[in-house]
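Working through the structure, step by step
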Amino acid sequence: MKHTITLIPGDGIGPEITDSVLAVLKAAGADLNYDVQIAGITALEQKGELIPESLIESIKTNKVALKGPLTTPVGKGFKSINVSLRQIFDLYQNIRPCKSIPGVNSRFDHVDLVLFRENTEGLYSGFEIYDERNQIADAIARISYKGSERIIRAAFEYAQKYNRKKVTVVHKANIMKQSSGLFLKVAREVAKDFPDIEQDDRIIDNMCMQLVMYPERYDVVVTTNLFGDILSDLGAGLVGGLGVVPGANLNEECAIFEAVHGTAPDIAGQDKANPTALLLSAVLMLRHLGQHDVALKIESALFETLKQTQLCTRDLGGKCGTKEFTRNIIKHLT
Ligand code: NAI
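As a starting point, this report considers the structure included with it.

Quick notes on the rules
Residues numbered from 1 in each chain as written. Predicted model: local features only at pLDDT ≥ 70, side-chain atom pairs only at ≥ 80, totals over all residues. Heavy atoms only, no water. Helix = DSSP H or I, 4+ residues; strand = E, 2+ residues; numbered from the N terminus. Rg over C-alpha atoms; globule rule 2.2 N^0.38 Å. Buried < 20%, exposed > 50% of the residue type's maximum accessible area, 1.4 Å probe, protein only. Contact = heavy atoms within 4.5 Å. Lys, Arg positive; Asp, Glu negative; His and termini not counted. Charge placed at Lys NZ, Arg CZ, Asp CG, Glu CD. Near = heavy atom within 4 Å. Polar contact = N/O pair within 3.5 Å; in protein donor to acceptor, adjacent residues only side chain to side chain. Areas by Shrake-Rupley, 256 points an atom, 1.4 Å probe, with all protein chains shown as cover. Nonpolar A, V, L, I, M, F, W, Y, C, P; charged D, E, K, R; others polar. 1 Å grid on protein atoms, 1.4 Å probe; cavity = no way out; pocket = protein on both sides within 12 Å on 5 of 7 lines; lining within 4 Å. Points joined across faces, edges and corners; volume = space filled by probe spheres on them. Disulfide = S-S within 2.5 Å. Pairing = 2+ DSSP bridges. Axes fitted to C-alpha atoms, helices over the stretch in contact; angles between N-to-C directions.

1. With respect to the overall build of the chain
- The helix and strand tally for the chain stands at 11 helices and 12 strands.
- On C-alpha atoms alone, the chain measures out to a radius of gyration of 20 Å, which is about the 20 Å that the 2.2 N^0.38 rule sets for 334 residues.
- Dimensions of the chain along its principal axes, counting C-alpha atoms only, are 55 × 45 × 40 Å.
- A burial count over the chain gives 51% of its 334 residues as buried.
- A separation threshold of at least 6 residues defines the contact pool for the chain, and within that pool the share at least 24 residues apart is 71%.
- Charged side chains of the chain number 38 positive and 41 negative; the gap between the two group centres comes to 3 Å.

This is how it looks when you write it as structure tokens:
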């Protein structure tokens, strides 16, 4: 069935990489309609608000969105648009697959991790207090049973669905005995419902060392908000950086797929942007929508192109502009 998705081209390089992704989706035969919506600086200039009501309504209706990077103005009291969207839709799962891509320069060849970050609680719950008189600031890391259970279960269900062998729970329960302790306790309970999947756990500091030394030992990883924020960029660094990793924010109802890099204002409008991250986010989206054949077709064509540096964009060591790189991917579609 043809699915209509909400398409947010975004700011800066967003429109260029979105054009590239749309060209590849079309050439590969993706069965999609697009409801194009603006947000960020573009929306602020045209409609006077960063997240227009029409965008929220569109995501509510379509349940799936593909989003380019957005600019949140600095220092004007604006809340991050990405954080706002996660909160509006209660997108508690942040999923970041980090997989080595042949041809993309990185320190490791066999990384294949999927990081699940809890997206709504922990130190990012927003409970911060500043005691002006004593000049002391407190931040509350709220961890709930329900919030932990749903993200941990999502990680195990993903492992089951995609034939993954192991889920590693990352915590700091040795020091944060109540909050991180609760997360670990819930993980051990949930694991009992998935006897075929190995479960282990690591303390966050050790996990950082493990990942930079032996990333191939890890499979699916699930953790709380702050630790997940850090580990997901660490994971991107293991496979070539933010330019080549996709991201998804979702719950059972609704999903927003996004490139995790920013708007790259230094190269915007110059045909220099690399669309790989947004294209891989579109691949995740196609799988979410059940269009597995098209997803595989695009992924294979992209990986074949990335193997030949001269066919790639400058950030990957090649000489091509965004448009030429896009044509090279399309040529590899079979
Ligand atoms: P950035 O990711 O936009 O840029 C960092 C560096 O990476 C720049 O040199 C840029 O040219 C390069 N780069 C990024 N994406 C690239 C791509 N696809 N192809 C080639 N080169 C690429 O990060 P920065 O400079 O910290 O932030 C710029 C703006 O982006 C800010 O307004 C920030 O708020 C926004 N931002 C938005 C995000 C989102 O919507 N998901 C995430 C991060 C930042």
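2. Focus: the site of the ligand
- The local shell around the ligand holds 19 residues, among which Leu70, Gly262, Ala264, Asp266 and Asn274 are the closest.
- At a separation of 2.8 Å, an oxygen atom of the ligand approaches a polar backbone atom of leucine 70.
- At 2.7 Å from an oxygen atom of the ligand is found a main-chain nitrogen or oxygen belonging to alanine 264.
- Protein chains shield 62% of the accessible area of the ligand, which is 810 Å² for the free molecule.
- Among the residues forming the shell around the ligand, the class breakdown is nine nonpolar, seven polar and three charged.

3. Details of empty space enclosed by the protein
- Under the defined criterion, the tally for this structure stands at one cavity of 30 Å³ or more.
- Each pocket or cavity is described by its volume, and for the largest cavity that value is around 40 Å³.
- What lines the largest cavity is simply Lys67, Asn82, Leu85, Arg86, Leu91, Asn249, Ile256 and Glu258.
- Where the lining of the largest cavity is concerned, the elements lending two or more residues are α4 (81-89) and β12 (255-259).

4. With respect to the side chain of arginine 96
- Structurally, arginine 96 can be placed in strand β4 (residues 93-99).
- Given the relative accessible area of 6%, arginine 96 is considered buried.
- Within the structure, the side chain of arginine 96 is placed 3.3 Å from the side chain of aspartate 233, a separation counted as a polar contact.
- Once residues lying within four places of it in the same chain are set aside, the contact partners of arginine 96 are Leu113, Val114, Leu115, Ser232, Asp233, Ala236, Leu242, Val245, Pro246 and Val260.

5. Things to note about the state of the cysteines
- Taken as a whole and assessed by the stated rule, the structure comprises zero disulfides.
- For the unlinked cysteine cysteine 98, the closest cysteine sulfur is that of cysteine 208, found at 13 Å.
- In this model cysteine 312 remains outside any disulfide bridge; the closest cysteine sulfur is found in cysteine 320, 7.1 Å from its own.
- With a relative accessible area of 1%, cysteine 312 lands in the buried category.

6. A look at the sheet that holds strand β5 (residues 112-118)
- What the 10 strands build is an open sheet, ordered β2-β1-β3-β12-β11-β4-β5-β10-β8-β9; its pairing is mixed. Every interior strand has two partners, whereas the edge strands, β2 (32-36) and β9 (198-203), have only one. The sheet shows a mean angle of 25 degrees between the axes of neighbouring strands, direction not considered.
- The pairing of strand β11 (residues 246-250) with β12 spans five bridges and is classified as antiparallel. Looking at β12, one finds that asparagine 249 is bridged to isoleucine 256.
- Running over the sheet, α4 touches β3 (64-67), β4, β5, β11 and β12 and is turned about 165 degrees from β12.
- Taken strand by strand, helix α7 (residues 204-213) contacts β5, β8 (166-171), β9 and β10 (220-223), and its axis lies near 105 degrees from that of β9.

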